[in-house]
Amino acid sequence: MIVISREEVAEHLDFPTCIALMRDAMAALSAGRTRQLLRQIIDLDGKGNAFGVMPGAMDDLTFGAKLISVYPGNFLAGKQSHQGLITLFDPESGAPVCLIHAGEVTAIRTAAASAAATDALARADATRLAILGYGEQAWQHVAAIRHVRPLSHVAVWGRSSEQAQAFADRVHAEFGLPATAAPNVGSAVGDADIICTTTAASEPILFSAQVPDGAHLNIVGSSRPGPVEIDTDLVVRCRVFADHRASVLAQGAEILKALESGLISEDHVLGEIGQVYTKGGIPGRLSSLNLTLYKSLGSIVQDLAVGWHLYRLAREKSFGSDVPF
């Protein structure tokens, strides 16, 4: 069995490759070529820390599971919020063949999936990006989305103005993009074409009145029922697409809150992003004034697609640690 470390994932998983993998994986999910159960989530302490189990299979490729802990407070300690393992099995023999650092895969593939959705749903002339949050996912989203749109400016907002400014300075230094720290959410998103929410907020931080017509939103921070990042009025305004429809209708907090209000029905979730990628599938944006929303919960098929790519690459390029098993 091969063990692939965090450093090896970061070295060998680039965004252009991962964005393409996410597009293909989500199209496969929507076409019925994958199988997965709803994520099983255990609330560990009532303080936002949780443990999740995500099993699934991709036809003719691999099957496996991700075991992941989510500790939002780790950011302040300089640690990843998502930590765990992805285990891959050989579809020929049923034997476990690969163990991969799940935190790094999750960081990269989540942002790559948002970038693939942005490419499909954002206006072709979208150039201004607003990021709410300044943690690991915020950074990865800037790194990913610059591959699908020629960004002209990045605005970042977070509860600490000092950390938001440090984030903006880093974006400018590492990517050469104009970047500013916004004093409030409204000024961050007021002229944005693409908005990404990547926070651990428990109550809405983004409201419909703040969002201009024509924007595309990636709603990423909340991955289970309860915590919400945006208000119900904003959900109502948007053309909503799920990464996995059944999961979002069961565990997508912003969608569940809007359903409970009676202001939308389940039909408001138009479909899965994989159906937008598929020729003859669901149209994404119908006009330049549409608001589009991609709700990201994360899907095991995303992890399996990335994991199998890394496993095959490790065999080809001889990285990873071989472990007798």
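Residues numbered from 1 in each chain as written. Predicted model: local features only at pLDDT ≥ 70, side-chain atom pairs only at ≥ 80, totals over all residues. Heavy atoms only, no water.

### What to know about the environment of Leu297
Within the fold, Leu297 resides in the loop between strand 15 (291-295) and helix 11 (300-317). Between the alpha carbons of Leu297 and Ala215 there is a distance of 20 Å; along the sequence they are 82 residues apart. Setting aside residues no more than four positions away along its own chain, Leu297 makes contact with Arg39, Ser222, Ser223, Arg224, Asp243, Ser247, Val248, Gln251 and Gly252. (Helix = DSSP H or I, 4+ residues; strand = E, 2+ residues; numbered from the N terminus. Contact = heavy atoms within 4.5 Å.)

### With respect to the sheet that holds strand 8 (residues 128-132)
Taken in spatial order, the eight strands make up an open sheet running 10-9-8-11-12-15-13-14, and their pairing is parallel. Edge strands, defined here as strands with exactly one partner in the open sheet, are strand 10 (179-181) and strand 14 (269-272). Strand-to-strand twist in this sheet, taken as the mean axis angle between neighbours without regard to direction, amounts to 20°. Sheet analysis places strand 8 next to strand 9 (residues 153-157), joined by five bridges and oriented parallel. Bridge pairing in strand 9 places Leu132 opposite Trp157. (Pairing = 2+ DSSP bridges. Axes fitted to C-alpha atoms, helices over the stretch in contact; angles between N-to-C directions.)

### Section: a nonpolar patch on the surface
Together, Ile42, Leu44 and Tyr71 make up a nonpolar patch on the protein surface, roughly 260 Å² of accessible area in all. The class of Tyr71 is partly exposed, set by a relative accessible area of 30%. (Patch = residues over 30% accessible without salt bridge, like charges linked within 9 Å, V, L, I, M, F, W, Y side chains within 5 Å. Areas by Shrake-Rupley, 256 points an atom, 1.4 Å probe, with all protein chains shown as cover. Salt bridge = Lys/Arg side-chain N within 4 Å of Asp/Glu carboxyl O. Buried < 20%, exposed > 50% of the residue type's maximum accessible area, 1.4 Å probe, protein only.)

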